[in-house]
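# Breakdown of the fold
Each chain, written out:
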Amino acid sequence: MRDLGAGFRYLLKGQRWVGRHGRAYGFGLLPGLITLVLYAAALVALALWGSDLIGWATPFADDWADPWAGLFRGFLTAVLFALALLLSVLTFTVATLLVGQPFYESLSERVDRDVSPDGTAPESDLPLWRELWISARDSLRVLVRATVWAVLLFALGFVPVAGQTAVPVIGFFVTGFFLTEELTAVALQRRGVEVRERLALLRSRKTLVWGFGTPLAVAFLVPFVAVFLMPGAVAGATLMARDLMGEDTEDTEDTEDTADTADGDTAGQRQEGVGA
């Protein structure tokens with residue numbers, strides 16, 4: 001249970017870090033905004049022409065008596081749109097990280113330097129095109145796994161009672177795990193950790209991963225929230241990656257709070273001295 005709370009604290013710390021670094025936060029918003037526009041356009045197109053697609057795919061229902069053909073195709077259209085929404089939640093982070101690889105790479109390095117005791121950050125010696133290729137390849141592998149889980153959970157959702165209670169909860173935990181994998185990949189890839197090693201590393205600390213990724217998965221269901229949380233999520237995932245790799249991390253928040261308190265005490269002493 002301690003790891004569960006620690007994972008959630010990393011999520012909060014990441015949001016606080018970007019809150020203290022406004023320029024980095026604004027820089028990190030751009031990939032999410034671009035991806036959001038693309039996803040919104042795709043979902044709107046599906047909402048407008050999804051019924052036509054289902055009608056084209058089910059010609060055998062043309063001769064069915066009313067209202068069965070309409071009900072059947074309406075059900076399939078709703079299923080198609082629901083599946084598209086589920087996949088959009090699972091893949092939004094993947095797509096955003098691909099679009100914003102240089103943005104988030106820079107953000108993650110800044111976090112590493114800020115919290116590292118020696119002020120340095122692990123750097124990849126690979127050229128940008130190679131990093132993009134590795135990121136796309138690894139993301140595709142993870143996406144295949146996530147899609148298999150999504151289809152399985154969607155099918156289990158039709159099971160009476162369990163499909164409306166236990167399955168959605170399991171779905172959030174599964175989504176949270178894959179979200180965390182994609183977000184920590186930004187920092188772990190710079191450290192030369194391959195996708196299989198990353199997955200094994202995350203499985204060894206599942207409660208830590210769930211504490212970080214599950215609340216994020218729930219928040220991502222709210223429209224536009226994902227865009228504003230992504231920069232902080234990358235920052236928090238970088239902090240968590242340092243924990244997973246056993247690296248020392250300075251708590252800059254505590255340092256700043258101590259400094260603020262010391263300044264306040266000094267100022268108070270000066271005021272007392274003036275008053276005396």
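Residues numbered from 1 in each chain as written. Predicted model: local features only at pLDDT ≥ 70, side-chain atom pairs only at ≥ 80, totals over all residues. Heavy atoms only, no water.

## Looking at the pattern of salt bridges
Under the counting rule described, the total for this entry stands at ten salt bridges. Here Glu 247 and Arg 191 are joined by a salt bridge, their closest N and O atoms 2.9 Å apart. Taken as a pair, Glu 247 in the loop between helix 9 (225-244) and helix 10 (252-275) and Arg 191 in the loop between helix 6 (166-190) and helix 7 (195-203) lie far apart in primary sequence, 56 residues in all. Accessibility expressed as a relative area gives 17% for Arg 191, which makes it buried. Between Arg 205 and Asp 243 there is a salt bridge; the shortest N-O distance is 3.6 Å. (Salt bridge = Lys/Arg side-chain N within 4 Å of Asp/Glu carboxyl O. Helix = DSSP H or I, 4+ residues; strand = E, 2+ residues; numbered from the N terminus. Buried < 20%, exposed > 50% of the residue type's maximum accessible area, 1.4 Å probe, protein only.)

## So, helix 7
For helix 7, every residue scored as buried is listed here: Val 195, Arg 198, Leu 199 and Leu 202. Relative to the axis of helix 7, the buried residues are bounded by an arc of 95° and lie together on one face. (Arc of directions from axis to C-beta.)

## Observations regarding empty space enclosed by the protein
Under the counting rule described, the total for this entry stands at three cavities of 30 Å³ or more. Its boundaries defined by the atoms lining it, the largest cavity holds a volume of some 90 Å³. As for the largest cavity, its lining consists of Leu 97, Gln 101, Ile 134, Ser 135, Asp 138, Ser 139, Glu 181, Glu 182, Ala 185, Val 186, Gln 189 and Arg 198. At the level of elements, helix 5 (128-156) and helix 6 are the ones that each hand at least two residues to the lining of the largest cavity. Taken together, the residues of the lining of the largest cavity break down into four nonpolar, four polar and four charged. (1 Å grid on protein atoms, 1.4 Å probe; cavity = no way out; pocket = protein on both sides within 12 Å on 5 of 7 lines; lining within 4 Å. Points joined across faces, edges and corners; volume = space filled by probe spheres on them. Nonpolar A, V, L, I, M, F, W, Y, C, P; charged D, E, K, R; others polar.)

## Let's talk about the nonpolar core
Membership of the largest hydrophobic core comes to 42 residues, with the highest contact counts inside it found for Trp 17, Tyr 104, Leu 183, Phe 212, Leu 216, Met 230 and Val 234. With ten residues, helix 9 is the single largest residue contributor to this core. When sequence neighbours within four positions are dropped, the list of residues in contact with Trp 17 reads Ala 24, Leu 107, Arg 110, Val 111, Asp 114 and Ala 235. (Core = buried A, V, L, I, M, F, W, Y, C linked by side-chain atoms within 4.5 Å. Contact = heavy atoms within 4.5 Å.)

## Digging into the packing of aromatic side chains
The tally for this structure, following the rule as stated, stands at six aromatic pairs. Note on Phe 27 and Phe 103: the rings are 4.8 Å apart at their centroids and 45° apart in plane angle, and the pair reads as tilted. Here Phe 103 lies in helix 4 (residues 101-115) and Phe 27 lies in helix 2 (residues 22-57), a separation of 76 residues in the sequence. Here Phe 103 falls in the partly exposed class, since its relative accessible area comes to 22%. Among the aromatic side chains, those forming a connected cluster through ring pairs are Phe 60, Trp 64 and Phe 72. (Phe/Tyr/Trp six-rings, centres within 6.5 Å; stacked < 30°, edge-to-face > 60°.)

## Description of helix 6
Taking 1.5 Å of rise per residue, the 25 residues of helix 6 would be expected to cover 36 Å, and the 37 Å separating its terminal C-alpha atoms lies within 8% of that figure. At Thr 184, helix 6 shows its largest bend, some 40°. Two residues or fewer past helix 6, Gly 192 is found with a positive phi of approximately 75°. (Expected span 1.5 Å × (residues − 1). Bend = angle between axes of the 7 residues up to and from the residue.)

## Observations concerning the side chain of Glu 181
Here Glu 181 is to be found in helix 6. Once you skip the residues sitting within four places of it in the chain, Glu 181 turns out to touch Val 142, Val 195, Arg 198, Leu 199 and Leu 202.

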